[in-house]
Amino acid sequence: MPHIEITNDLPGISGLFAQRPDTAVVLSELAETLLRSGSSPLSRGERELIAAYVSNLNCTAFCAGSHSAFAAAQLDGGAELVAAVLADADTAPVTPLIRALLKVAAEVQAKAAPVSDEAIAAARAAGATDTHIHDTVLIAAAFAMFNRYVNGLATAVPSDPSFYDVAAEIVVNHGYAAAR
């Protein structure tokens, strides 16, 4: 049961966005910039994978489910690849670069402190540029906020897993503004 009255039947951040369109505009623009637009060396699917991974580490079922579906729809390997990353990023069939960036994201998720020199060195050794590292840290930090927003207000989680597939089709084809 959500901690605040939500006057719609939408789960997770979708319900919060419908409830508060003023904050929805800003937050969906942030998600659009971080995960879909902007000049990033990371593909949309890779950025969504980082968001799903951090959301899973934060035990945010709605965000992990949503961004897992969004990543799966945009990555070779689909849902099987995403599930492997969420189960164990160290053994998942991803590139050394993505594996190293997921370690960076995990450190950002774990505490508000500088990422370790070791994690940065491993990412650089795997081919990470300043932009890879920047984008990974910013996505992980933003999802710390998004996850706490969703979990902090005890929003509903969809009872039907197909919700995420429908949302993925909208976001992948039309962006985050269309999902509001």
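From a predicted model like this one, the values you see are computed outputs, not experimental measurements. (Residues numbered from 1 in each chain as written. Predicted model: local features only at pLDDT ≥ 70, side-chain atom pairs only at ≥ 80, totals over all residues. Heavy atoms only, no water.)

S.K.: Can you tell me about helix α6 (residues 96-110), naming the residues and giving the values?
M.R.: Since the α-helix advances by 3.6 residues per turn, residues separated by three or four positions end up pointing in the same direction. Taking 1.5 Å per residue, 15 residues should reach 21 Å; α6 reaches 21 Å between its end C-alpha atoms and fits that length. If you check which residues of α6 are buried, you get L97, I98, A100, L101, L102, V104, A105, A106, V108 and Q109. If you follow the buried residues of α6, they end up packed against α3 (44-57), α5 (78-87), α7 (117-125) and α8 (130-152). (Helix = DSSP H or I, 4+ residues; strand = E, 2+ residues; numbered from the N terminus. Expected span 1.5 Å × (residues − 1). Buried < 20%, exposed > 50% of the residue type's maximum accessible area, 1.4 Å probe, protein only. Contact = heavy atoms within 4.5 Å.)

S.K.: Account for unusual backbone geometry, naming residues and giving values.
M.R.: With the exception of glycine, most residues fall at negative phi, and the peptide bonds are largely trans. Even without being a glycine, C59 presents a positive backbone phi close to 55°. When you line up the elements, C59 lands in the loop between α3 and α4 (61-72). Not every positive phi belongs to a glycine, and A154 is a case in point at roughly 55°. With respect to the helices and strands, the residue A154 is situated in the loop between α8 and α9 (162-174).

S.K.: Quick one: what's the story with the pattern of salt bridges, residue by residue and with numbers?
M.R.: This structure, assessed with the given rule, holds four salt bridges. The salt bridge involving D130 is made with R124; its shortest N-O contact spans 2.5 Å. The class for D130 is exposed, based on a relative accessible area of 53%. Assessed through its relative accessible area of 40%, R124 is described here as partly exposed. (Salt bridge = Lys/Arg side-chain N within 4 Å of Asp/Glu carboxyl O.)

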